[in-house]
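# Architecture at a glance
What follows is each chain in one-letter form.
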Amino acid sequence: MKKTALLALFSAACLTAVPAKAQELTPEEEAKLLQEALKMLAEGINPAEIWYETGKDLIKKYNLDKCDFGLGPGVFKGALAQLPRYFPDAKKVMDLETRLGWCLEKYAGMSREQVIKMATQCWGKTNCMGEYDAIVTYLSMESNGYKINVNLKDPRVKKMYDLGKKAFYARMGPWDFNCAGCHAGKELKRIRASVLYSVDRPGESGEAVRKFPVYRVSWAQVFPMHSCFSSFISFFSNRRL
Ligand code: HEC
């Protein structure tokens, strides 16, 4: 569907109902929004497609057709499914967003500060359409249907995997929480209505990761993975963004 048609449809039903702060929604309002969104999804309307279409239009503007996400410059189909991977030109293991930031500096002539400003434009906001979030959505949706295939045989990737695993089990912050406290173990854990995924039940962590970027109905916007990590960090350190 055309971007403008989608936007019009979704704005009419959802965006206008979203207050300045998502936290101000009552549970009833939130349930109503969710119902509207599910109805639209059932009709084949995915609000994230607005981000996808916008992102697609921005590839040329930021010279990202020169960017190599691992399968060659400008090859986006399936690229995310094999990330993170080691990039010899940057001498680093990079995930999608780290690589995107690197390419924005290299090919769009942006400074690190400009990239950070672009990436964080929508943080803490609702109903915000950011160019960075749009590009991430476009790049991610180009890998829809591809099997996740991260190369742990590469020792540099394996090293980052081990580091991530250590962080997942490390307890920190004023509550001495770790990710594993909520996301590990064979038994089913719930917080209110949500069933929490567990790394100890087959396939579930892949399931959690492959959803990103996510469109959150009550915030009426797309959240890429790095913005999600930033919320974790502020949550664990008891500090608001
Ligand atoms: C206090 C419990 C708790 C802790 C600690 C916790 N999470 Fe979660 N996590 C949740 C809840 C609740 C959800 C939302 C489930 C839903 O909405 O379906 C969630 C969802 C997720 C998702 C699924 C994607 C999403 O946004 O819906 C991922 C990935 C995730 N958490 C990763 C982590 C990581 C990594 C850590 C450690 C840095 C962590 N979580 C720590 C409770 C927790």
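The structure displayed is predicted, hence computed values, not measured ones.

## Side note on the overall build of the chain
The helix and strand tally for the chain stands at 10 helices and six strands. For the chain, the residues scored as buried account for 22% of the 241 residues in total. The long-range fraction of contacts in the chain, counting pairs at least 24 apart against all pairs at least 6 apart in sequence, stands at 58%.

## Here we look at the site of the ligand
As a matter of local geometry, the ligand sits amid 14 residues, with C179, C182, I191, S194 and A208 nearest to it. Listing elements by their share of the shell around the ligand, those giving two or more residues are α8 (179–183), β4 (194–196), α9 (204–209) and α10 (225–236). Top contributing element to the shell around the ligand by residue count: α8, with four residues. Its residues assigned to classes, the shell around the ligand comprises 10 nonpolar, three polar and one charged.

## Observations regarding the environment of G74
Looking at the element boundaries, G74 is found in the loop between α3 (48–61) and β1 (85–87). Residues within four places of G74 in sequence aside, it is in contact with D65 and K66.

## Points about the environment of T54
Summarising the element assignment, T54 is placed in helix α3. Judged by C-beta crowding, with 19 C-beta atoms within 10 Å, T54 ranks as partly exposed. Taking C-alpha positions, T54 is 9.1 Å from T137, a pair spaced 83 residues apart along the chain.

## A short note on the nonpolar core
A general feature of soluble globular proteins is that nonpolar side chains tend to end up buried together. Counting residues in hydrophobic clusters, the biggest one holds 26 residues, and the most contacted among them are W51, L96, L100, I135, V136, Y138 and L139. When residues of this core are traced back to their parent elements, those giving at least two are α3, α4 (96–107), α5 (112–119) and α6 (131–141). At seven residues, α6 tops the list of elements feeding residues into this core. Sequence-distant contacts of I135, that is, excluding residues within four places in its chain, are made with G55, L58 and L100.

## Section: the packing of α4 against α5
Put simply, α4 and α5 touch, their axes get as near as 9 Å, and they point 130° apart. Accordingly, the angle class assigned to the pair α4 and α5 is oblique. For the element pair α4 and α5, the recorded crossing hand is right-handed. Of the residues in α5, those touching α4 at G101, L104 and E105 are R112, V115 and A119. Here the residues of the contact of α4 with α5 sort into three nonpolar, one polar and two charged.

## A few points about α6
With 10 of its 11 residues buried, α6 lies for the most part within the structure. If you check which residues of α6 are buried, you get Y132, D133, A134, I135, V136, T137, Y138, L139, S140 and M141. Next to the buried residues of α6 lie α3, α4, α5 and β6 (221–223).

## Thoughts on unusual backbone geometry
Where the residue is not glycine, phi is negative for most of them; where a peptide bond is considered, it is trans in most cases. The omega angle of the peptide bond from L83 to P84 is 5°, so this bond is cis rather than trans. Residue placement: P84 occurs in the loop between α3 and β1. Cis geometry marks the peptide bond from F212 to P213, where omega comes out at -5°. Within the fold, P213 resides in the loop between α9 and β5 (214–216). The backbone phi angle of K91 is positive, close to 55°, even though this residue is not glycine. A count of 8 C-beta atoms within 10 Å places K91 in the exposed class. Even without being a glycine, A220 presents a positive backbone phi close to 55°.

Conventions we followed
Residues numbered from 1 in each chain as written. Predicted model: local features only at pLDDT ≥ 70, side-chain atom pairs only at ≥ 80, totals over all residues. Helix = DSSP H or I, 4+ residues; strand = E, 2+ residues; numbered from the N terminus. Buried ≥ 20, exposed ≤ 12 C-beta atoms within 10 Å, placed from the backbone. Contact = placed C-beta atoms within 7 Å. Near = placed C-beta within 6 Å. Nonpolar A, V, L, I, M, F, W, Y, C, P; charged D, E, K, R; others polar. Core = buried A, V, L, I, M, F, W, Y, C linked by C-beta atoms within 7 Å. Axes fitted to C-alpha atoms, helices over the stretch in contact; angles between N-to-C directions. Parallel < 35°, antiparallel > 145°, perpendicular 65-115°, else oblique. Left-handed = near helix turned anticlockwise from the far one by under 90°.

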